[in-house]
Amino acid sequence: MIARVALILAGLVLGAELGISPAYAERLIVSVSNHRVTVTPNYSGEELVLFGSVEKDAQTPAGRNSYDLVVTVSGPRADMVTRRKERKFGIWINTDSRQFLQVPTYLALFSNRPFDAIASPEVQRRQQLGLNNVLLTQRVGPDYADVVPNDPFRSAFVRLRTQLGLYREAQSAVTFLTPTLFRTGIPLPGEVPIGTYDVEIKLFADGALVTRTETAFEIVKVGFEQFVANAARNNGFAYGLVTAFMALMTGWMASIVFRKD
């Protein structure tokens, strides 16, 4: 009995030691050019720069000098709906819809070369490399699931977000300045949502994930727009009354200016 307990304890200690041992031979050091983007009334978009380096240690395999990098930027999550329209009786009407649950309002994936050259299809699916492999959960009847990339609702959702510049994929956007130094740009359109943006950086070598790291930046409103947003969020009833009063005053003034005597 004592021997069995001792064996179990030895196994637990060995497991703990293995659990805290370094998992990777490399680590990523990254930073963003601006961690706080301010949106003003004349904001029309901006591009941030992500830069970093691959730090090696004694456990790095000898001769490993070639890496691949995939950067995923995801904005605040929200529920969104995609609707299908059909022409009936001479007019376009909504005939079906699909709700996407807590999906990124902004999503961008950048790499130094095509995803097919970086990893196998199985690794691409597991690591969500590319828009076709990112999980976009939908409400399908009573169930919740992601579907195949060519699902018409999923394809339409990604296409519409891409047209707005809010979803994008660029497979040659990451540049290695040296074998271990890299940079990439993060374009932010004028319609970019407000909130916190997560940036995940994955390092690959020989088709396998080596290590990963994360950083983040924030997009906030300032000035009068921020005042209006705070008023609408914190004092909804008063904000509604003021908005209705301003609409009435605008209509009254327009009736005076354009009145025909």
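This text goes with the structure placed above it.
Residues numbered from 1 in each chain as written. Predicted model: local features only at pLDDT ≥ 70, side-chain atom pairs only at ≥ 80, totals over all residues. Heavy atoms only, no water.

K.L.:
How should I be thinking about the pairing of strand 4 (residues 68-74) in this particular structure?
P.N.:
With seven of its seven residues buried, strand 4 lies for the most part within the structure. In strand 4, alternate side chains face the same way, and those of Asp68, Val70, Thr72 and Ser74 on one face and Leu69, Val71 and Val73 on the other are all buried. One ladder, built from seven bridges, connects strand 4 with strand 13 (residues 195-205); its direction is antiparallel. In the sheet register, Val73 faces strand 13, and the bridge partner there is Val199. Sheet analysis places strand 4 next to strand 7 (residues 107-111), joined by five bridges and oriented antiparallel. By the bridge assignment, Ser74 is partnered in strand 7 with Leu107. (Buried < 20%, exposed > 50% of the residue type's maximum accessible area, 1.4 Å probe, protein only. Helix = DSSP H or I, 4+ residues; strand = E, 2+ residues; numbered from the N terminus. Pairing = 2+ DSSP bridges.)

K.L.:
Whenever I open this one, the nonpolar core confuses me. Can you help?
P.N.:
In a soluble, globular protein the nonpolar side chains are often hidden away together inside. Counting residues in each nonpolar core, the largest one holds 29 residues, and the members touching the most others are Val71, Val73, Ile186, Leu188 and Phe217. For this core, the secondary-structure elements that each account for two or more residues are strand 1 (26-32), strand 2 (36-39), strand 3 (45-56), strand 4, strand 7, strand 12 (181-189), strand 13 and strand 14 (208-221). Setting aside residues up to four positions removed in sequence, Val71 forms contacts with Leu50, Ala108, Leu109, Phe110, Val174, Thr184, Val199, Glu200 and Ile201. Of all hydrophobic cores here, the second largest spans 18 residues; its members include Phe100, Phe115, Ile118 and Val123. (Core = buried A, V, L, I, M, F, W, Y, C linked by side-chain atoms within 4.5 Å. Contact = heavy atoms within 4.5 Å.)

K.L.:
Would you mind showing me how to read the sheet that holds strand 11 (residues 175-176) here?
P.N.:
To summarise the sheet geometry, strands pair through backbone hydrogen bonds and adopt either a parallel or an antiparallel arrangement. The sheet built from four strands is open, its strands ordered 1-3-12-11 with antiparallel pairing. The sheet is open, and its two borders are formed by strand 1 and strand 11, each paired with just one other strand. Of the pairings in the sheet, the one linking strand 11 to strand 12 comprises two bridges and is antiparallel in character. Following the sheet pairing, Phe176 is matched in strand 12 by Phe182.

K.L.:
I'm lost on the side chain of Arg161 in this one. Help?
P.N.:
Tracing the chain through its elements places Arg161 in helix 4 (residues 152-163). For the buried Arg161, no salt bridge exists, and the shortest N-O distance to an oppositely charged side chain is 9.6 Å, to Glu191. Setting aside residues no more than four positions away along its own chain, Arg161 makes contact with Met80, Thr105, Leu166 and Tyr167. (Lys, Arg positive; Asp, Glu negative; His and termini not counted. Salt bridge = Lys/Arg side-chain N within 4 Å of Asp/Glu carboxyl O.)

K.L.:
For this particular structure, what's the right way to read the sheet that holds strand 13?
P.N.:
Here six strands make up an open sheet; going across it, the order is 2-14-13-4-7-10 and the pairing mixed. Every other strand in the sheet has two partners, leaving strand 2 and strand 10 (167-170) as the edge strands with one partner each. Averaged over all adjacent pairs, the angle separating strand axes in this sheet is 15 degrees, with direction ignored. (Axes fitted to C-alpha atoms, helices over the stretch in contact; angles between N-to-C directions.)

K.L.:
Please clarify how the layout of surface pockets should be interpreted in this entry.
P.N.:
Think of a ball as big as a water molecule: rolled over the atoms, this probe shows where empty space is left. Approximately 280 Å³ is the volume found for the largest pocket. Thr72, Ser74, Arg77, Gln128 and Glu200 are the residues nearest the centre of the largest pocket, which is lined by 15 residues in total. Of all elements in the fold, only strand 4 and strand 13 reach the threshold of two or more residues within the lining of the largest pocket. For the lining of the largest pocket, the per-class residue count stands at six nonpolar, four polar and five charged. (1 Å grid on protein atoms, 1.4 Å probe; cavity = no way out; pocket = protein on both sides within 12 Å on 5 of 7 lines; lining within 4 Å. Points joined across faces, edges and corners; volume = space filled by probe spheres on them. Nonpolar A, V, L, I, M, F, W, Y, C, P; charged D, E, K, R; others polar.)

K.L.:
When you look at the pattern of salt bridges in this model, what are you seeing that I'm missing?
P.N.:
Side chains bearing opposite charge may pair, as long as their charged atoms lie close to each other. Within the structure shown, the criterion is met by five salt bridges. Close ionic contact of Glu122 with Arg126 constitutes a salt bridge, the shortest N to O distance being 3.4 Å. With Glu122 and Arg126 both in helix 3 (residues 121-127) and four residues apart, the pair spans about one turn of that helix. This pair shows no difference in class: Glu122 is exposed, exactly as Arg126 is.

Coordinates in, geometry out; function isn't part of it.
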